[in-house]
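Observations on chain architecture
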Amino acid sequence: MPQDTVSSAKLPRVRFAPSPTGYLHVGGARTALFNWLFARHTGGTFILRIEDTDFERSSEEMVGGILEGMSWLGLDWDEGPFYQSKRLDLYKETAAKIVAGGHAYPCFCTKEELEQRRKEATAAGRPPMYDRRCRRIPKEEADARIAAGQPAAIRFAVPEGGSTSFNDAVFGKVEFSNAEIEDFVLLRSDGIPTYHLSVVADDIDMRLTHIIRGADHISNTPKQVLQYRALGAELPIFAHVPLILGPDKTRLSKRHGATSVIAYKQMGIVPEAFRNFLSLLGWTPGGIKDENGKDREIFSSEELIKLFTLEGISKSNAVFDNDKLAWFNTEYIRAYPVQALLPLIEEEWKLAGFTATRSKDEIAHAIELLKPRARNLKDFATAFRSYFADEYEIDPAAAAKFLTGNVPTLLVELGDRYAAAAEFTEASTETLLRGFAEEKGLKAGALINGSRVALTGQTVAPSLFAVMMALGQKRVAERLKKVPQPIA
RNA sequence: GGCGCUAUCGUCUAGGGGUUAGGACGUGAGAUUCUCAAUCUUAAAACACGGGUUCGAUUCCCGUUAGCGCUACCA
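To start, this report covers the structure provided alongside it.

What counts, and where the lines are drawn
- Residues numbered from 1 in each chain as written.
- Chains lettered and ligands numbered in written order.
- Predicted model: local features only at pLDDT ≥ 70, side-chain atom pairs only at ≥ 80, totals over all residues.
- Heavy atoms only, no water.
- Buried < 20%, exposed > 50% of the residue type's maximum accessible area, 1.4 Å probe, protein only.
- Helix = DSSP H or I, 4+ residues; strand = E, 2+ residues; numbered from the N terminus.
- Pairing = 2+ DSSP bridges.
- Near = heavy atom within 4 Å.
- Polar contact = N/O pair within 3.5 Å; in protein donor to acceptor, adjacent residues only side chain to side chain.
- Contact = heavy atoms within 4.5 Å.
- Salt bridge = Lys/Arg side-chain N within 4 Å of Asp/Glu carboxyl O.
- Phe/Tyr/Trp six-rings, centres within 6.5 Å; stacked < 30°, edge-to-face > 60°.
- Lys NZ or Arg CZ within 6 Å of the ring centre and 35° of its normal.
- Disulfide = S-S within 2.5 Å.
- Axes fitted to C-alpha atoms, helices over the stretch in contact; angles between N-to-C directions.
- Core = buried A, V, L, I, M, F, W, Y, C linked by side-chain atoms within 4.5 Å.

Points about the pairing of strand β10 (residues 237-241)
- Taken across its 5 residues, β10 has 4 buried, putting it largely inside the fold.
- Two strands pair when backbone bridges link them, and strand β9 (residues 210-214) and β10 are joined in this way by 5 bridges, in the parallel orientation. Looking across to β10, one finds that His210 is bridged to Ile237.

Looking at the protein's contact with RNA strand B
- In the vicinity of RNA strand B there are 72 residues, among which Cys109, Arg188, Arg452, Thr459 and Phe465 approach most closely.
- The separation between a phosphate oxygen of RNA strand B and a polar side-chain atom of Lys294 is 3.2 Å.
- Contact between RNA strand B and Asn449: a sugar or linking oxygen at 2.9 Å from a side-chain N or O atom of the residue.

Considering the environment of Phe82
- Mapped onto the secondary structure, Phe82 falls in strand β3 (residues 79-83).
- Taking C-alpha positions, Phe82 is 39 Å from Asp379, a pair spaced 297 residues apart along the chain.
- For Phe82, the residues in contact, after removing those within four places along its chain, are Ile47, Leu48, Arg49, Ile50 and Met206.

Considering the pattern of salt bridges
- Under the defined criterion, the tally for this structure stands at 37 salt bridges.
- A salt bridge links Arg40 to Asp76; the nearest nitrogen and oxygen atoms lie 3.6 Å apart. Of this pair, Arg40 sits in helix α1 (residues 26-42) while Asp76 sits in the loop between α2 (60-73) and β3; the two residues are 36 residues apart in sequence, bridging distant segments of the chain.
- Judged by its relative accessible area of 23%, Arg40 falls in the partly exposed class.
- Owing to a relative accessible area of 42%, Asp76 belongs among the partly exposed residues under this scheme.
- With a closest N to O distance of 3.0 Å, Arg132 and Asp183 form a salt bridge. Here the residue Arg132 occupies a position in the loop between α4 (111-123) and α5 (139-147), and Asp183 occupies one in the loop between β7 (172-177) and β8 (185-187), the gap between them amounting to 51 residues. Of the two residues examined, Arg132 and Asp183, each falls in the buried class.
- The network of salt bridges with common partners includes Arg15, Arg49, Glu51, Arg87, Asp202, Asp203 and Asp205.

Examining the side chain of Ser451
- Turning to its location among the elements, Ser451 is positioned in helix α17 (residues 444-456).
- The buried category is assigned to Ser451, whose relative accessible area is 0%.
- Filtering out sequence-adjacent residues up to four positions away, Ser451 remains in contact with Leu411, Leu414, Leu433, Leu464 and Leu480.

Focus: the packing of aromatic side chains
- Going through the model one piece at a time under the given rule, you end up with 15 aromatic pairs.
- With 5.6 Å between their ring centres and 65° between their planes, Phe166 and Phe238 make a pair best called edge-to-face. Taken together, the positions of Phe166 in strand β6 (residues 163-168) and Phe238 in strand β10 put the pair 72 residues apart, joining distant regions of the chain.
- Judged by its relative accessible area of 4%, Phe166 falls in the buried class.
- Over the ring of Phe34 we find Arg30; its NZ or CZ atom is 5.1 Å from the centre of that ring.
- Across the ring face of Tyr83, the terminal group of Lys86 is positioned such that the distance to the ring centre comes to 4.7 Å.

Here's the deal with the state of the cysteines
- Scanning the model with the defined rule gives 0 disulfides in all.
- Here Cys107 is not disulfide-linked; the sulfur of Cys134 is the nearest cysteine sulfur, at 3.8 Å.
- On the accessibility criterion, Cys107 (2% relative accessible area) is buried.
- Cys109 provides the cysteine sulfur closest to Cys134, a residue in no disulfide bond, and the two sulfurs are 3.6 Å apart.
- Using a relative accessible area of 6% as the deciding quantity, one classes Cys134 as buried.

Some thoughts on the sheet that holds β8
- Across the sheet, which stays open at both edges, the 3 strands sit in the order β4-β5-β8 with antiparallel pairing between neighbours. At either end of the open sheet lies a strand with only one pairing partner, and these are β4 (104-107) and β8. On average, adjacent strands in this sheet sit at an angle of 45° to one another, irrespective of strand direction.
- Two strands pair when backbone bridges link them, and strand β5 (residues 153-156) and β8 are joined in this way by 2 bridges, in the antiparallel orientation.

Observations concerning the nonpolar core
- Ranked by internal contacts, the top residues of the largest apolar core, which has 97 residues, are Phe274, Phe320, Phe380 and Phe388.
- Here this core gets 9 residues from one element, more than from any other, and that element is α1.
- What Phe274 contacts, discounting residues up to four positions off in sequence, is Val26, Trp72, Leu73, Val261, Tyr264, Ile269, Phe320 and Leu325.
- Residues Tyr91, Ile181, Ala215 and Val225 belong to the second largest nonpolar core, which totals 32 residues.

None of the figures reported here should be taken as evidence of function without further support.
The structure is reproduced here in structure tokens:
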């Protein structure tokens, strides 16, 4: 046995820390997924932390939405959810420690004053950074003003010279001149921490080892590094993940359509498909070949966990491609065993207020038949309705294409033949139809296509005789006899 | 504007000092003729630009351009 066995203290601890100011969006979900994958890959701990210190914009409802999205994606966490709103004491203590160390000071400027000065600075072409005027207030005076009840925010005293850098696991060394970093607010005058303080306080308190988050946080990182130093805490490893963009290459937002993860569920996307698709946005296992020597794209959760590394994260932003997601979805639906698909389909039926009037076996048979042609779970409640219930619409376009001439009339007669047929197998139904077509002197194809529309209401369907087997003799006969006749 | 980051087909990406620059999605064409958004075959499609370094750069370095991010008592 190696004497230096892995102690649990060494295992990675990571977190997903959404702000409940909206539903779980695609970008957040991807961040959560990467953290989860990393934790599961390394045997580490995945923590969920709700960053709800913006009381005006946060809501419990949004927390519920985020949790719902996480569970839909199958991302389970080991600790939490922790709520920052319940940990305010920790932030106050942390701020006090930074002040005590001489790295922060009270600031008496009001929000209005600051805004005014910022406006002036911008107008004058100067950088709109805080001018640090309160930093020069003597300690006695500051103490006196606080004692007198004047509200004060706590600002971090950023070093005047030099630079602050960190080694990012994705981007490498990133350096910022301290002159570019303003004396940011740690604690607001009402005692509520800002993001800058609460992340650091929590990340230290929760003993996080790796901070995997969106690249939009790169610019914030030096502010956090400064606090780690002021607190004498060990720096975690930062890994910034490139952003997900819309088709127009701007940051993905509502303008691009669905951004909430739950919206994809509602569109009939299978969670594993979504997860697989998301995992490959901004990350690559590095050219894993399939048996044909082609790069693989379909990976099970287990494979993803096994393959995931921080090194595989790419540096450039990725565009969210709905077409590719749709492809993953069809691949997953196709590959799913019926038994796995059934509960998902049943949920769709429920949502559509639909009741399948079929036996379990008939349902399973139909699903198996339909899987290769499904684009999403919704299809089973809409386009494929005729396989599961007897009320269904005939697509007018399909009727216009194939229920023409004397075909409808002949289909009625064909219905009688099927009703009277002694045998009803895939082979026998085909023989019967082809014989009937020959007898009537027209191409079998015309009757096949017409039958398909009459039987399913659709032009997209499996092989007609397979469809007949799924429907059964009685329904085939009835539906053919009920085929709508052309009005003229 | 300032600061930071990035740059391979339309999109996701593999690759990496010498390659016919590979795959996938999407798109085009053909096949199947029992339809189809299914299936099969096939085609078009990329190293942003300019300088270096080098025998040789798509690959390494610098610059330009473009894109994105940050620039709050939001997170």
